[in-house]
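Overview (structure and organization)
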Amino acid sequence: DPAPKAAPPAGPSTFLALGAAGAVGAVATALKTSRHAVSRTRVVRQAAAVAEKTFTKMPASVKPGVVTGRALVDLLDYAKEKGFAIPGVNIVGTNSINACMEAAAKAGGPIMVTFSKGGGQFIAGKAADNTDDAASIAGTVAGALHVRQVAKLYGVPVILHTDHCQKAWLPWFDGLLEASEEHFQKHGEPLFSSHMLDLSEEPLEENIAICKKYLERMAKINLLLEMELGITGGEEDGVDNSDVDSSRLYTQPEEVWQVYEALSSVPNGNFTVAAAFGNVHGVYAPGNVSLKPEILHNTQKYIKEKLGCESDKPVKFVFHGGSGSSQEDIQYAIKAGVIKMNIDTDTQWAFWDGVNQYQKKNVDYLQGQIGNPEGPEKPNKKYYDPRMAMRAGEESMAARLVKAMEDLNCVDVL
C-alpha cells in the first residue's frame with residue numbers, strides 16, 4: 001500500500017469543514033501556543049539580562065551564578081584583599097539552598113552553598129539505595145544542578161562546594177569528581193566550584209600526599225581544593241570529634257607551610273586551608289570553646305618569611321565551626337586571611353524556628369483539614385499547605401544568614 005500522505009496545513013477551507021465551534025477551538029489553540037512562545041521568549045530574555053549583569057566592585061571575571069576556575073580565585077583573592085569572608089552554608093534541600101541565595105541577594109554579597117555527604121543522601125531520598133554512596137552522589141549532583149538552574153536569577157555569585165570528606169568517604173568524592181569531569185567536557189567548566197578533603201585524622205604526610213594527588217586531578221578541570229589541618233572538635237553530620245585530644249585542635253605554622261609548599265607545586269592548582277585554631281562544630285555555652293585566631297596571624301607571618309613575598313596574607317584560610325563564635329574572634333580571623341566561614345548549626349536552628357513559629361501562630365488552623373475559629377466547616381488547606389511552613393523556615397534562615405553576612409563584612413561588596 002502507498003504511504004499515507006501528510007495532512008495539509010490548516011487553511012480557510014479547513015476551518016469551514018470544522019464548523020464554527022471547531023474553528024474557535026483551533027484559533028484558541030493557536031493563540032495559546034503563541035502566548036506560550038512569547039512567555040518562553042520573555043523568560044529567556046530575563047535570564048540573559050541577569051547573566052549579562054556586571055558588578056561594580058567585584059573583579060570583572062565574577063558574574064552572577066555559579067563561579068568556578070579563575071573567577072572563583074579572583075573572588076577569594078578579592079575577599080582577602082577587602083577584608084570580608086563568605087558564609088559557607090550547609091544545606092539539605094532546595095528550601096535551604098534557596099534561602100542561601102535569597103540572603104545573598106538581600107545582603108549584596110556572594111554565598112557558598114555547601115553539600116555534605118549526608119545532605120546529598122537526604123536530597124536523593126533516605127529510602128533511595130545508597131550502596132557505594134550512589135544516593136549521596138546522585139543527591140549532591142542533583143542539588144548542584146538545581147543551583148546552576150536558578151542561581152543567576154538571584155543576581156549573586158554562588159560557590160558550589162562540598163564539605164568534610166574523610167578517607168573512608170573517598171568513593172563519594174570520586175563520584176563528584178567524575179560528575180565535574182563530565183560537565184567540564186561538555187561545558188568547559190566543572191559542575192562544582194570546589195571540594196573539601198578532610199584527612200586530618202591521618203598522619204600529616206599522608207594527608208598532604210593524598211591532597212596533592214587529588215589536586216593534580218582537580219587542577220585539570222579548574223576545581224579548587226579545600227584541605228583540613230588539625231581537627232575541628234564537636235560533632236556534625238556523622239563526623240564525631242567530641243572526645244579528641246585538645247592539642248589536636250590547634251595547627252602549627254610549620255604544618256601549614258608543609259601543605260603550602262606541596263600544593264603550590266601543582267600546576268594550575270588552587271587551594272584553601274582549614275587550619276584548626278580551636279574550632280568546634282555546634283554551639284556551646286560561653287567558656288567551653290577556646291578559639292585562638294592568633295595562630296592564623298602567626299602562620300601568615302611565618303609563611304611570608306619563608307616565601308620572602310610582599311603579601312602579608314599568602315594563605316587563604318577557612319574558618320570551620322563558625323556557629324556561636326564571637327564577633328571579636330570572627331573579625332580577628334578575617335584580618336588573618338580567612339575568606340570563608342562555615343555555618344550550619346545556627347542556620348539549622350533558624351530554619352526550624354521559622355517553621356515552629358509558623359505552627360504556633362496558626363495552631364488553631366492546623367488541627368484538622370476542616371474546622372477552625374472561623375467556623376466548623378471552614379477549610380484549612382491554605383494553612384497546612386507544606387509550602388507555607390517551609391517558606392516560613394526559608395525566611396527565618398535567610399534572615400539569620402543576612403546577620404551572618406553582616407558579621408563577616410560580606411554586605412554590599414558586589
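What you see is a predicted model, and the numbers here were worked out from it, not measured in a lab.

1. Quick look at the overall build of the chain
Counting secondary structure elements, the chain contains 13 helices and 13 strands. Across the chain, the fraction of contacts at a sequence separation of at least 24, relative to all contacts at a separation of at least 6, is 70%. Counting every atom, the chain has about 20,200 Å² of accessible surface; 54% of that belongs to carbon and sulfur.

2. Here we look at the packing of helix 4 (residues 117-124) against helix 5 (residues 134-150)
Contact pair helix 4 / helix 5: the axes reach a minimum separation of 6 Å and the direction vectors enclose 80 degrees. Judged by the inter-axis angle, helix 4 sits roughly perpendicular to helix 5. Residues Lys117, Gly120, Gln121, Ile123 and Ala124 of helix 4 form the contact with helix 5, whose own contacting residues are Ala135, Ser136, Gly139, Thr140 and Gly143. Looking at side-chain class alone, the contact of helix 4 with helix 5 contains 3 nonpolar, 6 polar and 1 charged residues.

3. With respect to the packing of aromatic side chains
Counted under the stated rule, the structure contains 7 aromatic pairs. Between the aromatic rings of Phe115 and Phe192, the centroid separation amounts to 6.5 Å while the plane-to-plane angle is 85 degrees, which identifies the pairing as edge-to-face. One end of the pair, Phe115, is in strand 3 (residues 111-115); the other, Phe192, is in the loop between helix 6 (170-187) and strand 5 (194-197), with 77 residues separating them in the sequence. Owing to a relative accessible area of 0%, Phe115 belongs among the buried residues under this scheme. Here the aromatic residues Trp257, Tyr260 and Phe271 are joined through ring pairs into a cluster of three or more. Taking the ring centre of Trp169 as reference, the NZ or CZ of Lys117 above it sits at 5.1 Å. The ring of Tyr250 carries Lys292 above its face, with NZ or CZ at 4.8 Å from the centroid.

4. With respect to unusual backbone geometry
Unusually for a residue other than glycine, Asp132 sits at a positive phi of about 55 degrees. Its place among the elements puts Asp132 in the loop between helix 4 and helix 5. Of the residues examined, Asp132 reaches a relative accessible area of 68% and is grouped as exposed. Unlike most non-glycine residues, Asn222 shows phi in positive territory, near 65 degrees. Within the fold, Asn222 resides in the loop between helix 7 (204-219) and strand 6 (224-229).

5. What about the packing of helix 7 against helix 8 (residues 253-264)?
Their axes nearest at 10 Å, the elements helix 7 and helix 8 cross at an angle of 25 degrees. Taken together, the axes of helix 7 and helix 8 lie roughly parallel to each other. Once helix 7 is placed against helix 8, the crossing between them reads as right-handed. Where helix 7 approaches helix 8, its residues Leu204, Ile208, Cys211, Lys212 and Leu215 are matched on the opposing element by Glu255, Gln258, Val259, Ala262 and Leu263. Looking at the contact of helix 7 with helix 8 residue by residue, the class counts come to 7 nonpolar, 1 polar and 2 charged.

6. Structural notes on the pattern of salt bridges
Here the idea is simple: oppositely charged side chains can pair when their charged atoms come close. Evaluation of the coordinates by the stated rule reveals 18 salt bridges. Glu206 is the salt-bridge partner of Lys167, the closest N and O atoms lying 2.4 Å from each other. Linking Lys167 in the loop between strand 4 (157-162) and helix 6 with Glu206 in helix 7, this pair joins segments that are 39 residues apart in sequence. By relative accessible area, Lys167 is classed as partly exposed at 36%. Its relative accessible area of 25% is what places Glu206 among the partly exposed residues. Between Arg217 and Glu181 there is a salt bridge, and its shortest N-O distance comes to 2.7 Å. Of the two residues, Arg217 is situated in helix 7 and Glu181 in helix 6; the sequence distance between them amounts to 36 residues. Among the ionic contacts, a cluster of salt bridges with common partners joins Glu102, Lys106, Arg391, Glu394 and Glu395.

7. Looking at the confidence of the model for the chain
With 79% of its residues at a pLDDT of at least 70, the chain reaches an overall mean of 87. Contacts of residues 11-18 to residues separated by more than four positions or lying in other chains number 5 contacts, the stretch itself having pLDDT below 50. Note on residues 239-245: pLDDT under 50 across the span, and 13 contacts to partners over four residues away in sequence or across chains.

8. Description of helix 11 (residues 345-361)
End to end, helix 11 covers 24 Å across 17 residues, agreeing with the expected 24 Å (1.5 Å per residue, within 8%). Considered for burial, the residues of helix 11 that qualify are Asp346, Thr347, Ala350, Phe351, Gly354, Val355, Asn356 and Tyr358. In this structure, the buried side of helix 11 is in contact with strand 2 (86-90), helix 3 (94-107), strand 11 (338-343), helix 12 (381-384) and helix 13 (386-407).

9. Considerations on the environment of Leu72
Relative to the helices and strands, Leu72 resides in helix 2 (residues 69-82). On the accessibility criterion, Leu72 (2% relative accessible area) is buried. Through-space distance from the C-alpha of Leu72 to that of Ser194 is 9.0 Å; in sequence the pair is 122 residues apart.

10. A few points about the nonpolar core
Counting residues in each nonpolar core, the largest one holds 108 residues, and the members touching the most others are Met58, Val147 and Val273. When sequence neighbours within four positions are dropped, the list of residues in contact with Val273 reads Met227, Leu229, Val259, Val315, Lys316, Phe317 and Val318.

What counts and what doesn't
Note on numbering: residues in each chain are counted from 1, in written sequence order. With the structure being a predicted model, the display of local features is reserved for residues of pLDDT at least 70 and the display and counting of side-chain atom pairs for 80 or more, all residues being used for whole-chain, interface and lining totals. Computation of side-chain values covers all heavy atoms of the structure but excludes hydrogens and water. Where helices and strands are cited, they refer to DSSP runs of H or I of at least four residues and of E of at least two residues respectively, numbered from the N terminus. The contact criterion used is simple: two residues touch if any of their non-hydrogen atoms lie within 4.5 Å. Residue burial considers only the protein chains on display, and all accessible areas are found by Shrake-Rupley using a 1.4 Å probe. Here, axes are lines fitted to C-alpha atoms. For helices the fit covers the stretch in contact, and angles between N-to-C directions go from 0 to 180 degrees. Reported orientations rely on four angle classes, namely roughly parallel under 35 degrees, roughly antiparallel over 145, roughly perpendicular from 65 to 115, and oblique for the rest. Basically, the charged four are Asp, Glu, Lys and Arg, the nonpolar ten are Ala, Val, Leu, Ile, Met, Phe, Trp, Tyr, Cys and Pro, and anything else, Gly included, counts as polar. Pairing of aromatic rings covers Phe, Tyr and the six-membered ring of Trp, with a centre-to-centre limit of 6.5 Å; geometry is then stacked below 30 degrees between planes, edge-to-face above 60, and tilted otherwise. In this scheme, a residue with accessible area under 20% of its type's maximum is buried, one over 50% is exposed, and one in between is partly exposed, where area comes from a 1.4 Å probe on protein chains only. Only Lys NZ and Arg CZ are tested; either one counts as a charge over a ring when it is within 6 Å of the ring centre and within 35 degrees of the ring normal. With the far helix as reference, a near helix turned anticlockwise by less than a right angle produces a left-handed crossing, and one turned clockwise produces a right-handed crossing. Between Lys or Arg on one side and Asp or Glu on the other, a salt bridge is scored when a side-chain nitrogen of the former is within 4 Å of a carboxyl oxygen of the latter. Each residue carries a pLDDT score, the predictor's own confidence in it, on a scale running from 0 to 100. One fewer than the residue count of a helix, multiplied by 1.5 Å, yields its expected span. Within this scheme, the nonpolar core is defined by two criteria: the residues are buried Ala, Val, Leu, Ile, Met, Phe, Trp, Tyr or Cys, and they are joined through side-chain atoms within 4.5 Å.

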